Each structure stands twice: as structure tokens, then as C-alpha cells.
Amino acid sequence: MQQAVLWAGCTLLLAAPGLGCSSAHADEPWTFTTIADARSGIANSVDLGAPGDSPGDMFVFDQPLLNEAKQNIGSNSGFCVRTLPGQFNECQWTLTLADGTITVAGRESDTGTSMIPVVGGTGNYLGVKGMLATTPNGDRTFTQVLSLIKATP
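Quick caveat: nothing in here was measured; it's all calculated off a predicted structure.

1. Describing a nonpolar patch on the surface
No. 1: A surface patch of nonpolar side chains, amounting to about 310 Å² of accessible area, comprises Val46, Leu48, Val60 and Phe79.
No. 2: Within the secondary structure, Val60 is located in strand S5 (residues 58-66).

2. A short note on the pattern of salt bridges
No. 1: Taken as a whole and assessed by the stated rule, the structure comprises three salt bridges.
No. 2: With a closest N to O distance of 2.8 Å, Arg39 and Asp37 form a salt bridge.
No. 3: Here Asp53 makes a salt bridge to Arg82, at a shortest N to O gap of 2.7 Å. Linking Asp53 in the loop between strand S4 (42-46) and S5 with Arg82 in strand S6 (residues 72-84), this pair joins segments that are 29 residues apart in sequence.
No. 4: On the basis of relative accessible area, Arg82 is assigned to the buried category, the value being 11%.
No. 5: Where salt bridges share partners, they join Asp53, Arg82 and Asp110 into one cluster.

3. Quick notes on the pairing of strand S7 (residues 88-97)
No. 1: Relative to S7, S6 runs antiparallel, the two being bridged by ten bridges. Residue pairing for S7: Ser75 is matched across the bridge by Thr96.
No. 2: Sheet topology places S7 next to strand S8 (residues 100-109); ten bridges connect them, and they run antiparallel. Its bridge partner lying in S8, Asn89 is registered against Glu108.
No. 3: Counted along the chain from S7 to the antiparallel partner S8, the turn is two residues long.

The rules we used
Residues numbered from 1 in each chain as written. Predicted model: local features only at pLDDT ≥ 70, side-chain atom pairs only at ≥ 80, totals over all residues. Heavy atoms only, no water. Patch = residues over 30% accessible without salt bridge, like charges linked within 9 Å, V, L, I, M, F, W, Y side chains within 5 Å. Areas by Shrake-Rupley, 256 points an atom, 1.4 Å probe, with all protein chains shown as cover. Salt bridge = Lys/Arg side-chain N within 4 Å of Asp/Glu carboxyl O. Helix = DSSP H or I, 4+ residues; strand = E, 2+ residues; numbered from the N terminus. Buried < 20%, exposed > 50% of the residue type's maximum accessible area, 1.4 Å probe, protein only. Pairing = 2+ DSSP bridges.

None of the figures reported here should be taken as evidence of function without further support.
Here is the structure:
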């Protein structure tokens, strides 16, 4: 199953090799959904403070990035630093897709949906701004809904 996404007047197929569209207009919003699959790939914890969950501990990851049909569309890689044990991390990660990257950074909660700001992009995502809503699914996957605006110079 392919998911079509409307982006500034053109259709994207998330299962297709290229997710981008070069004819975007300034300030036209679009959304798409990815799934970060923490069941495979790299996932390493670094216990830096007191033993166990403590401020300063880190988590480093590089995992598959899937579309809603569970097809691999790229990678989801970054790190989180524990700020409040049992509740929050400060994180930064990059979604790498066939046609560019999207980087996000912000506070992620251990439970529920976290709203993480988009801080930039490359390739077809150069100049994007917006928000990523990430929600744990309970099976070591995370649904990530990106709401983006691409401002053209």
C-alpha cells in the first residue's frame, strides 16, 4: 500500500524511492507519517551518571524509518540525553530519506505524544520548518507525523 501525500500541489508516494517534489510553493503546508522502528538497528544506552536512570545518561540510535505500509524508506538516527529521570529526554535526530534529510530537536516525553520542532533539512527539504509529533506505539516503534512548511527564497 502506498500513501499519497499532497505537497504544494504535487503528489508524493511515500513508498516510492523519491519522496520529494521540486515544485513546492512558499508557505504551503503538508504532512506525512513515518514510523521509527527501534526493534532493529543500533540502540545503545550510555549510563553516565549514577547507576540506573539518571540525569546525563544518553541513548544513541540509528534505526530503520518506515512508511505506514511498513516499507523501509530511510533511517532515523540521533541521540537523547536524559534530563528528568523517568519522564523526559532532550533529543536530536535526523530522518534520512532518498531525497534529503529532516532534522528535529527538542524535549521528548517517555509517554504520550511529544511535539518536537523541525530545525532544518537538506535536499528537497531545504528550508523546511514545522513540527514532528512522535508517539510510542508500545511495540518499540514510534509513529512520527511531520507537519511541514517549505518557504522558498
